[in-house]
Amino acid sequence: MIDYRLFKEQMEALTGTQSRPVPNLANASALIWQTMSDLNWAGFYTMEEDALYLGPFQGKTACIRIPLGRGVCGTAAQQDRVLRVHDVHEFEGHIACDSASNSEIVLPIHDGEKVVAVLDIDSPLVGRFSAEDEEGLKEIVKVLEKNCIWD
Ligand code: SME
C-alpha cells in the first residue's frame, strides 16, 4: 500500500525548487518508479501542436510521437480525462510500446485549462491500478502542474 501523503511530500520536495519541466519530470518519473511496485514504464508525453511527444521516463524505449486521439495517451489528452485501463488488450487502439504491459493509467497535466502533457504509467499486471492509485496520482499531478512553467 502506498502512502500517498508521503509520496506527495517527496514530489513537492523534488520539484519545488525550480520550474523547468525537463528536470522536474525526469525526477518525477524516477520517484514514481521507486515508489510504485510492479511497473514496467513510468513517464511523460508533452503536447506539441497536434501530437504528444516522448518526455522523461523510466523503462524501455517507447514510441516518440502519439497523435491526439490515438492510444490510451492520445485519447486521455484529447478527451481531457483520466484513463485507468484494467487490461490494455481490451482497449481499442492501445499502442503496445512494451509487450510486457497489461494495465495502464494515464492522467492529463494542465497549464490552466489547457492539457500540456500526460503522465503514463504501465504495469505487467492486469488491473494494477486501483481507484485509490487514481486519486493519489491526481494529487501527484497537481504538484507537477503547480511546480512547472509549461511554456
Ligand atoms: N500504451 C500507450 C503508449 C505509450 S507507452 O505505453 C509508453 C498508449 O496506448 O497510448
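For the structure given in this document, a descriptive report is provided here. All of these numbers come straight from a predicted model, not from anything done at the bench.

### Regarding the overall build of the chain
Within the chain, the regular secondary structure consists of four helices and six strands. Its helices and strands taken in sequence order, the chain reads α-α-β-β-β-α-β-β-β-α from the N to the C terminus. Since a compact globule built from 151 residues should have a radius of gyration of about 15 Å, the 14 Å found for the chain is in line with a globular shape. A principal-axis box enclosing the C-alpha atoms of the chain has dimensions of 40 × 40 × 25 Å. Counting only contacts in the chain whose residues sit at least 6 apart along the sequence, the fraction spanning at least 24 positions is 53%. Per element, the accessible surface of the chain, about 7600 Å² overall, is 50% carbon and sulfur. The averaged location of the 24 negative side-chain charges in the chain is 2 Å from the averaged location of its 13 positive side-chain charges.

### A word on the side chain of aspartate 87
By secondary structure assignment, the location of aspartate 87 is in the loop between β4 (83-85) and β5 (103-111). For the buried aspartate 87, no salt bridge is present, and the opposite-charge side chain at shortest range is arginine 84, 14 Å distant. Once residues within four sequence positions are removed from consideration, aspartate 87 is found in contact with Asn102 and Val126.

### A few points about unusual backbone geometry
Of note, the phi angle at glutamate 49 is positive, near 50°, even though the residue is not glycine. For aspartate 80, which is not glycine, the phi dihedral falls at a positive 50°. Overall, the relative accessible area of 37% leaves aspartate 80 in the partly exposed class.

### What to know about the site of the ligand
Close contacts around the ligand come from 13 residues, with Val72, Cys73, Ile95, Glu104 and Asp122 the closest. Note that an oxygen atom of the ligand is positioned 3.5 Å from one of the side-chain N or O atoms of aspartate 120. Of all the elements in the fold, those that place two or more residues in the shell around the ligand are β1 (41-48), α3 (71-79) and β6 (114-123). When residues of the shell around the ligand are assigned to their parent elements, the largest contribution, three residues, is made by α3. Each residue belonging to the shell around the ligand can be placed in one class, and the counts come to eight nonpolar, two polar and three charged.

### Here's the deal with the pairing of β5
Within β5, seven of the nine residues are buried, leaving the element largely enclosed by the surrounding structure. Here three bridges tie β4 to β5, and the two strands are oriented antiparallel to one another. From the neighbouring strand, valine 85 faces β5, where its bridge partner is glutamate 104. In terms of strand pairing, β5 meets β6 through nine bridges, oriented antiparallel. Bridged to serine 103 within β6 is serine 123. Hairpin connection of β5 to β6: two residues between the antiparallel strands, including glycine 112 at a positive phi of 65°.

### Here's the deal with the pattern of salt bridges
Using the criterion set out here, one finds nine salt bridges in the structure. We note a salt bridge from glutamate 12 to lysine 146, for which the minimum N-O separation is 2.9 Å. Pair noted here: glutamate 12 is in helix α1 (residues 4-15) and lysine 146 is in helix α4 (residues 131-147), with a separation of 134 residues, a long-range link. With a shortest N-O distance of 3.0 Å, lysine 142 and glutamate 139 are connected by a salt bridge. With a gap of three residues between them, lysine 142 and glutamate 139 both fall in helix α4, about one helical turn apart.

The rules behind the values
Residues numbered from 1 in each chain as written. Predicted model: local features only at pLDDT ≥ 70, side-chain atom pairs only at ≥ 80, totals over all residues. Heavy atoms only, no water. Helix = DSSP H or I, 4+ residues; strand = E, 2+ residues; numbered from the N terminus. Rg over C-alpha atoms; globule rule 2.2 N^0.38 Å. Contact = heavy atoms within 4.5 Å. Areas by Shrake-Rupley, 256 points an atom, 1.4 Å probe, with all protein chains shown as cover. Lys, Arg positive; Asp, Glu negative; His and termini not counted. Charge placed at Lys NZ, Arg CZ, Asp CG, Glu CD. Buried < 20%, exposed > 50% of the residue type's maximum accessible area, 1.4 Å probe, protein only. Salt bridge = Lys/Arg side-chain N within 4 Å of Asp/Glu carboxyl O. Near = heavy atom within 4 Å. Polar contact = N/O pair within 3.5 Å; in protein donor to acceptor, adjacent residues only side chain to side chain. Nonpolar A, V, L, I, M, F, W, Y, C, P; charged D, E, K, R; others polar. Pairing = 2+ DSSP bridges.

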